[in-house]
Amino acid sequence: MSSLNVSSDGPITVSKDIPATTVPNGDTILLSAGGVVQIVQQLGGSVTVRTEMGTLLRIDGEHVGALGLTVPERKVAIASGRPFSMDLVMEQLDTVYDPEIPISIVALGLIYRAEEVIQADGTRLIEIDLSMTAPGCGMGDILKADAEKVTRAVHGVDDVRVELVFQPPWGMDRISDEAKLELGLF
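Residues numbered from 1 in each chain as written. Predicted model: local features only at pLDDT ≥ 70, side-chain atom pairs only at ≥ 80, totals over all residues. Heavy atoms only, no water.

Caption draft 1: Representation of the pattern of salt bridges in the model. Throughout the structure, instances matching the rule amount to nine salt bridges. When the shortest N-O distance is used, the salt bridge between R113 and E127 registers 3.2 Å. Taken as a pair, R113 in strand 7 (residues 111–118) and E127 in strand 8 (residues 124–130) lie far apart in primary sequence, 14 residues in all. Exposure remark for R113: the relative accessible area of 24% places this residue in the partly exposed category. Judged by its relative accessible area of 18%, E127 is buried. (Salt bridge = Lys/Arg side-chain N within 4 Å of Asp/Glu carboxyl O. Helix = DSSP H or I, 4+ residues; strand = E, 2+ residues; numbered from the N terminus. Buried < 20%, exposed > 50% of the residue type's maximum accessible area, 1.4 Å probe, protein only.)

Structure representation (C-alpha cells):
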C-alpha cells in the first residue's frame, strides 16, 4: 500500500468541462471549465478533488488532463507470463482506492470474499463480495466496476462477478494494521 497521496499544491483551474462523480453520493455531474479545485488524492487511476464549495469529486483518469495532470499511476500486479493465482487477484484489488479515504479497498477490509470458481466449461470465474464503509454510500457501483476491471486484467481470468454485500456490517476492526497506522488510528 502506498502512503497517503494528498497534494499540498495550490488550487487548479479546470481547463474544460469534464464529468465527475460526487463523493460519497456517487452522482455524475459536470465539472465546468473555469472551476477551481484542490487535489485531495491521486491514487488508483483516478483523482479526488475538493471544489471551492467543499464538495469532493472523483475524476476518472481519462479526464485529468483538464486539471493539467497525467493519468495517476496504478501499481500493476501483472507481469507478462506470470501464472494465475489468487494472490495476483488480491494484488490487483489492492490498486483500487476509496476516493474519500485514500486507502485501498483491500486494506480497508472491504473485500469480504474473493474466490476462484472453475466453471463446467473449464473457464475461470472470480467471485468477489465487496462491502462499503456505510450501506448508503453511493460509491458502491463505482468501486464495484473498478474491482471488476482490475480483476479482469489478471492473466487467466475469464469472467468476474462482483457483488455488493452488507452482512456482516463493515466496521473499523476490518482495517489492516498498516492502514490504521497510516490513518493515525493507533
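Now that the structure is up, let's keep going.
Caption draft 2: Structural context of the pairing of strand 5 (residues 46–51). Within strand 5, five of the six residues are buried, which leaves the element mostly enclosed by the surrounding structure. Both strand 4 (residues 36–43) and strand 5 contribute to a ladder of six bridges, which runs antiparallel. Of the residues in strand 5, the one forming a bridge with I39 is V49. The antiparallel hairpin formed by strand 5 and strand 6 (residues 56–60) contains four residues in its connecting segment, where G54 sits at a positive phi of about 90 degrees. (Pairing = 2+ DSSP bridges.)

Caption draft 3: Expanded view of the packing of aromatic side chains. All chains considered together, the criterion is met by zero aromatic pairs. Of note, R124 hangs over the ring of F84, and the distance from its end group to the ring centre comes to 3.9 Å. (Phe/Tyr/Trp six-rings, centres within 6.5 Å; stacked < 30°, edge-to-face > 60°. Lys NZ or Arg CZ within 6 Å of the ring centre and 35° of its normal.)

Caption draft 4: Just the sheet that holds strand 1 (residues 12–13), in detail. With antiparallel pairing, the six strands of this open sheet are ordered in space as 1-4-5-6-2-3. Pairing within the sheet leaves two strands with one partner each, and these edge strands are strand 1 and strand 3 (28–31). Where strand 2 (residues 18–23) and strand 3 come together, four bridges link them in antiparallel fashion. Paired with P19 across the two strands is L30, which belongs to strand 3.

Caption draft 5: Spotlight on the confidence of the model for the protein chain. Averaged over the protein chain, the pLDDT score is 88; the fraction of residues at 70 or greater is 90%. Confidence drops under pLDDT 50 across residues 1–8; counting only partners more than four residues distant or on other chains, this segment forms 23 contacts. (pLDDT = per-residue confidence, 0-100. Contact = heavy atoms within 4.5 Å.)

Caption draft 6: Local environment of the nonpolar core. Counting residues in hydrophobic clusters, the biggest one holds 27 residues, and the most contacted among them are L93, I105, I128 and L130. Counting residues per element, the ones that place at least two in this core are helix 1 (86–93), strand 7, strand 8, helix 2 (140–152) and strand 9 (159–164). With residues near it in sequence (within four places) discarded, L93 still touches I105, V106, I111, I128, A147, V150 and T151. With 14 residues, the next largest nonpolar core counts V49, L57, A66 and L67 among its residues. (Core = buried A, V, L, I, M, F, W, Y, C linked by side-chain atoms within 4.5 Å.)

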